[in-house]
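Listed below are the residues making up each chain.
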Amino acid sequence: MADSAISWGQSGILSMADSRKAVAVAAALVVTACGHIVLELLSLHGWIAGPVRGVGVHHLFSAVAVAGWAVFLGTEVRRAHGVPAEWGIGLHGWMSSAGPVLWLMAAGTVLLLAYGWIAGRLPLRATFWMTLVLYPFWGLAQQFALQVLFHRNIRLAFGARAWTIPMTGTVFALAHLPQGRLMLLTFVVGLLFSWIWASRDGSLWPIAIAHGWLGALAYYLVLGRDPLGELLFGGV
């Protein structure tokens, strides 16, 4: 992107109002994630119950939150007269991120397959391949929230500080509470995704695909879970 330096918010280019808005958007995303996590933990422990069997309060909270964010993003698109290029959801410039992402996918695949072989979780279940098709779209949604709504905004507000990438990785890890192994994996991958997003041209598609591929492998090989089967048959 030609205006990537401005998009990332070097010191002094944002007005006070814009800086406050960037902080508010990042903070709102954190509040949304915390609300979902707290309600999910309360539901898992049976301390609160949803109105319908199989539908928890955290599901309802997430539905309302998604609707709220959709209204906000629609307003931003209308104000910008189109999808802002710095959101990274177009195809422009995706090749510049593809190289480091492919190395990350290759290394991650080897490590996850080795773990799965040691844990006796190979061969992969048949549902893995359908999960692999669907997961990148969920990965795109998560990386949009993480990189665009959180990471980009804290950099717009505070500049390219050394702590912004570790903070983004931490937020990504905390979003996967209470699964300890998954939190560790997502912290490391979150650091790498955030570095790629910040140091390249901001294209989300390569990291979304990597998120889907590595996430699917992690569920089946590290956690021993079938997320698609749980979603379809387990009432998750």
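Residues numbered from 1 in each chain as written. Predicted model: local features only at pLDDT ≥ 70, side-chain atom pairs only at ≥ 80, totals over all residues. Heavy atoms only, no water.

Asks: I tried to follow the confidence of the model for the protein on my own but got confused; where do I start?
Replies: Where the model shows low pLDDT, its predicted coordinates should not be examined in detail. For the protein, per-residue confidence averages 84 on the pLDDT scale, and 87% of positions sit at 70 or higher. Averaged pLDDT values for the elements of the protein fall to 37 in helix α1 (residues 4-7) and rise to 94 in helix α6 (residues 164-174). With pLDDT under 50 throughout, residues 1-13 is counted as low confidence; its partners more than four residues away or in other chains account for 20 contacts. (pLDDT = per-residue confidence, 0-100. Helix = DSSP H or I, 4+ residues; strand = E, 2+ residues; numbered from the N terminus. Contact = heavy atoms within 4.5 Å.)

Asks: Would you mind showing me how to read the nonpolar core here?
Replies: Side chains of nonpolar character tend, in soluble globular proteins, to be buried together. Counting 38 residues, the largest nonpolar core has F144, L149, L204 and I207 as its most contacted members. For this core, the elements supplying multiple residues, two or more each, are α2 (16-44), α3 (57-80), α4 (95-118), α5 (127-158), α7 (180-199) and α8 (205-222). The contacts of F144, once residues within four sequence positions are left out, are L73, W87, I89, L149 and L204. (Core = buried A, V, L, I, M, F, W, Y, C linked by side-chain atoms within 4.5 Å. Buried < 20%, exposed > 50% of the residue type's maximum accessible area, 1.4 Å probe, protein only.)

Asks: In this structure, what is going on with a nonpolar patch on the surface? I would like to understand it.
Replies: Residues V23, F158, W163 and M167 make up a contiguous nonpolar surface patch of about 330 Å² in total accessible area. Of the residues examined, V23 reaches a relative accessible area of 36% and is grouped as partly exposed. (Patch = residues over 30% accessible without salt bridge, like charges linked within 9 Å, V, L, I, M, F, W, Y side chains within 5 Å. Areas by Shrake-Rupley, 256 points an atom, 1.4 Å probe, with all protein chains shown as cover. Salt bridge = Lys/Arg side-chain N within 4 Å of Asp/Glu carboxyl O.)

Asks: Looking at this model, I keep getting lost on α3. Mind explaining?
Replies: Along an α-helix, residues three or four apart share an orientation, since each turn contains 3.6 residues. An ideal rise of 1.5 Å per residue puts 34 Å on 24 residues; α3 measures up with 35 Å between its terminal C-alpha atoms. When we look at burial in α3, the residues that qualify are H58, A65, W69, L73 and E76. Structurally, α3 contributes buried residues whose contacts are with α2 and α5. A positive backbone phi angle near 60° is found at H81, which sits one or two residues after α3. (Expected span 1.5 Å × (residues − 1).)

Asks: Please explain the packing of aromatic side chains as it appears in this structure.
Replies: To describe a pair of aromatic rings, one takes the distance between the centres and the angle between the planes. Under the counting rule described, the total for this entry stands at 7 aromatic pairs. Geometrically, the ring pair formed by F128 and Y220 is edge-to-face, given 5.4 Å between the ring centres and 85° between the ring planes. Taken as a pair, F128 in helix α5 and Y220 in helix α8 lie far apart in primary sequence, 92 residues in all. Just as F128 is buried, Y220 falls in that class too. Members of the aromatic cluster, each reached through a chain of ring pairs, are F128, W129, W213 and Y220. (Phe/Tyr/Trp six-rings, centres within 6.5 Å; stacked < 30°, edge-to-face > 60°.)

Asks: For this particular structure, what's the right way to read the packing of α2 against α5?
Replies: The relative placement of two packed helices comes down to the angle between their axes together with the axis-to-axis distance. Contact pair α2 / α5: the axes reach a minimum separation of 8 Å and the direction vectors enclose 145°. By crossing handedness, the relation of α2 to α5 is classed as left-handed. In contact with S19, A22, V23, V25, A26, L29 and V30 of α2, α5 contributes A145, L146, L149, F150, N153, I154, L156, A157 and F158. A breakdown of the residues in the contact of α2 with α5 according to their chemical character gives 14 nonpolar, 2 polar and no charged. (Axes fitted to C-alpha atoms, helices over the stretch in contact; angles between N-to-C directions. Left-handed = near helix turned anticlockwise from the far one by under 90°. Nonpolar A, V, L, I, M, F, W, Y, C, P; charged D, E, K, R; others polar.)

Asks: When you look at the pattern of salt bridges in this model, what are you seeing that I'm missing?
Replies: Pairing is possible between side chains of opposite charge, provided their charged atoms come close. Following the criterion strictly, the structure yields 4 salt bridges and no others. With a shortest N-O distance of 2.9 Å, E76 and K21 are connected by a salt bridge. Taken together, the residues E76 in helix α3 and K21 in helix α2 connect sequence positions 55 residues apart. According to the relative accessible area criterion, E76 is buried, its value standing at 16%. Classification of K21 by relative accessible area gives partly exposed; the value is 34%. In this structure, R79 and E76 form a salt bridge, with 2.5 Å as the shortest nitrogen-oxygen distance.

Asks: It is not clear to me how α2 should be interpreted in this structure. Could you clarify?
Replies: An ideal rise of 1.5 Å per residue puts 42 Å on 29 residues; α2 measures up with 42 Å between its terminal C-alpha atoms. Among all positions in α2, only S19, A22, V25, A26, L29, G35, I37, L39 and S43 are buried. Against α3, α5 and α6 lie the buried residues of α2. At the C-terminal side of α2, G46 shows a positive phi close to 75°.

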